[in-house]
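# Commentary on secondary and tertiary structure
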Amino acid sequence: VPQPVERTSLGALNQLRDVVDVYFNNAGFNKPVPFMDVDEDNFNSIMRVNAWGVMRGTQEAARQMMAQGTGGKIINTASIAGRQGYAEFAPYCASKASVISLTQAAAREFAKHKITVNAFAPGVVVTPLWDGLEQDMIDKGVIKEKGEFINSFSSSILLGFPSKPHDLAGIAAFLASSDSDYITGQVIMSVAVPMFGVARLSWLKVFQSDSSSPSGTSASTRFWVWVTLISPKLKRSIKSATASICS
């Protein structure tokens, strides 16, 4: 995180010293470069914001929550790229894998203080970030026109379209609510592609001759992804079913 930004962010947290119940680490960016062209500046700039920013934010939030003595919730934005490496996004993938590891490490560290630490991992989300990514791809000659990159990347999405920020709001709200009190150290995959087919996204064919081995997920993770996407009207019956399954 650039020093002025880091000071501003932590300064804002200092102004909220009365109560911090939920802290959301969401800052991040990407600058795609072909794998063999990644240099130290490119790698470090992405890691400093995406990984070090989460580390510093988590430290400061946890410090305040421990001082309060009432617990709290820290939520991190990971990415599908933290579970699956992409050649054009190597530093970004490394940074988001770091977010996942930091989430798990922090969950272990702060559980004794009743602080839960979780993350969610979006796939393709339509935001201004994609405009910049596509322009970078056009400049490098990888694609020819705007929309080509995101459309190719979205072709394996079962629902037929990429997500928008409001599609992720429910998961974030769930992790910030008391409904997630017994969840910590988890990463909810916020994607509409088969979990065992993540590596088969069609855009990989643009950059690679073959796909990497698919990443897996635990049964408990799949279950919680399903729970967060279904109708709230079924919450009570699901909780009852979960209790009987776990008993």
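For clarity, every value in this text was computed on a predicted model and none was experimentally measured.

## Quick notes on the environment of Ala107
Here Ala107 lies in helix 3 (residues 90-110). It is 8.6 Å that separates the C-alpha atoms of Ala107 and Gln186, two residues lying 79 residues apart in sequence. Beyond its immediate sequence surroundings of up to four residues, Ala107 is in contact with Val117, Thr184 and Gly185.

## Some points on the packing of helix 2 (residues 40-68) against helix 3
At a minimum axis distance of 9 Å, the contact between helix 2 and helix 3 shows a crossing angle of 15 degrees. In terms of orientation, helix 2 and helix 3 fall into the roughly parallel class. Here helix 2 runs over helix 3; the crossing is right-handed. Across from Asn42, Phe43, Ile46, Met47, Asn50, Ala51, Val54, Met55, Thr58, Ala62 and Met66 in helix 2, the residues of helix 3 making contact are Pro91, Tyr92, Ala94, Ser95, Lys96, Ser98, Val99, Leu102, Ala106 and Phe110. Looking at the contact of helix 2 with helix 3, its residues break down into 15 nonpolar, five polar and one charged.

## Re the confidence of the model for the protein
With 70% of its residues at a pLDDT of 70 or more, the protein has an overall mean of 76. The low-confidence segment residues 195-247 (pLDDT under 50) makes 61 contacts with residues lying over four places distant or belonging to another chain.

The rules behind these values
- Residues numbered from 1 in each chain as written.
- Predicted model: local features only at pLDDT ≥ 70, side-chain atom pairs only at ≥ 80, totals over all residues.
- Heavy atoms only, no water.
- Helix = DSSP H or I, 4+ residues; strand = E, 2+ residues; numbered from the N terminus.
- Contact = heavy atoms within 4.5 Å.
- Axes fitted to C-alpha atoms, helices over the stretch in contact; angles between N-to-C directions.
- Parallel < 35°, antiparallel > 145°, perpendicular 65-115°, else oblique.
- Left-handed = near helix turned anticlockwise from the far one by under 90°.
- Nonpolar A, V, L, I, M, F, W, Y, C, P; charged D, E, K, R; others polar.
- pLDDT = per-residue confidence, 0-100.

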